[in-house]
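Results of the structural survey
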Amino acid sequence: MSVVKINAIKVNEGRGSELEARFAARAKEVETMPGFEGFELLRPIEGENRYFVYTRWESEEAFKAWVKSDAFKKGHRQASDDNGATPVAHGSELLAFEVVQKVETGI
């Protein structure tokens, strides 16, 4: 079964829409990686200020290859904005899981 990685990103107050735009701008990069199966960016609704980046991979090796890729390094730089503002996020935690059961609707 698949391997799931969830990156819990602590987003600075009022910067969520900017984080979303950054992910949208580089969405195609992860899709071309061998072993990539899926991606979701989850926006917090209430009681939480972290965004969750959910990715699914065919294997741990496929995920590790993504992390070592130039596309990953480019997209995950913790750089400030062009105008010198603070970074969008101020920390993250990577969670890892193996899929043991999966149900889909086929839509």
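Residues numbered from 1 in each chain as written. Predicted model: local features only at pLDDT ≥ 70, side-chain atom pairs only at ≥ 80, totals over all residues. Heavy atoms only, no water.

1. So, the overall build of the chain
A tally of helices and strands in the chain yields four helices and four strands. Classification of the 107 residues of the chain by burial places 33% in the buried group. Residue pairs in contact within the chain that sit at least 24 positions apart in sequence constitute 72% of those at least 6 positions apart. Carbon together with sulfur atoms contributes 51% to the accessible area of the chain, which is approximately 7400 Å² in total. (Helix = DSSP H or I, 4+ residues; strand = E, 2+ residues; numbered from the N terminus. Buried < 20%, exposed > 50% of the residue type's maximum accessible area, 1.4 Å probe, protein only. Contact = heavy atoms within 4.5 Å. Areas by Shrake-Rupley, 256 points an atom, 1.4 Å probe, with all protein chains shown as cover.)

2. Some remarks on the pattern of salt bridges
All told, the structure shown has nine salt bridges when counted by the stated rule. For Glu60, the salt bridge goes to Lys5, with nearest N and O atoms at 3.0 Å. Of this pair, Glu60 sits in helix H3 (residues 60–68) while Lys5 sits in strand S1 (residues 3–11), placing them 55 residues apart in sequence. For Glu60, a relative accessible area of 28% puts it in the partly exposed group. Overall, the relative accessible area of 6% leaves Lys5 in the buried class. For Arg50, the salt bridge identified is with Glu93, shortest N-O distance 3.9 Å. Of the two residues, Arg50 is situated in strand S3 (residues 50–57) and Glu93 in strand S4 (residues 89–98); the sequence distance between them amounts to 43 residues. (Salt bridge = Lys/Arg side-chain N within 4 Å of Asp/Glu carboxyl O.)

3. Quick word on the side chain of Asn7
The topology assignment puts Asn7 in strand S1. Within the structure, the side chain of Asn7 is placed 3.4 Å from the side chain of Ser92, a separation counted as a polar contact. If we skip the residues at most four places from it in the chain, Asn7 touches Tyr51, Phe52, Val53, Ser92, Glu93 and Leu94. (Polar contact = N/O pair within 3.5 Å; in protein donor to acceptor, adjacent residues only side chain to side chain.)

4. Observations regarding the sheet that holds S1
Read across the sheet, four strands follow the order S2-S3-S1-S4 without closing on themselves; strand pairing throughout is antiparallel. The two strands at the open ends of the sheet, each matched to only one other strand, are strand S2 (36–42) and S4. When the angles between neighbouring strand axes are averaged without regard to direction, this sheet yields 15°. Both S2 and S3 contribute to a ladder of six bridges, which runs antiparallel. Bridge assignment links Leu41 to a residue of S3, and that residue is Val53. Against the sheet, helix H1 (residues 16–25) engages S1, S2 and S3, with an angle of about 20° to S3. (Pairing = 2+ DSSP bridges. Axes fitted to C-alpha atoms, helices over the stretch in contact; angles between N-to-C directions.)

5. Overview of the packing of aromatic side chains
Counted by the stated rule, this structure contains five aromatic pairs. Residues Phe36 and Trp57 carry aromatic rings whose centres are separated by 5.4 Å and whose planes lie at 75° to one another, so their mutual orientation is edge-to-face. In this pair, Phe36 is assigned in strand S2 and Trp57 in strand S3, connecting sequence segments 21 residues apart. Judged by relative accessible area, Phe36 falls into the buried class, the value being 19%. In textbook terms, an aromatic cluster arises when at least three aromatic residues are bridged by ring pairs, as seen for Phe36, Trp57, Phe63, Trp66 and Phe72. (Phe/Tyr/Trp six-rings, centres within 6.5 Å; stacked < 30°, edge-to-face > 60°.)

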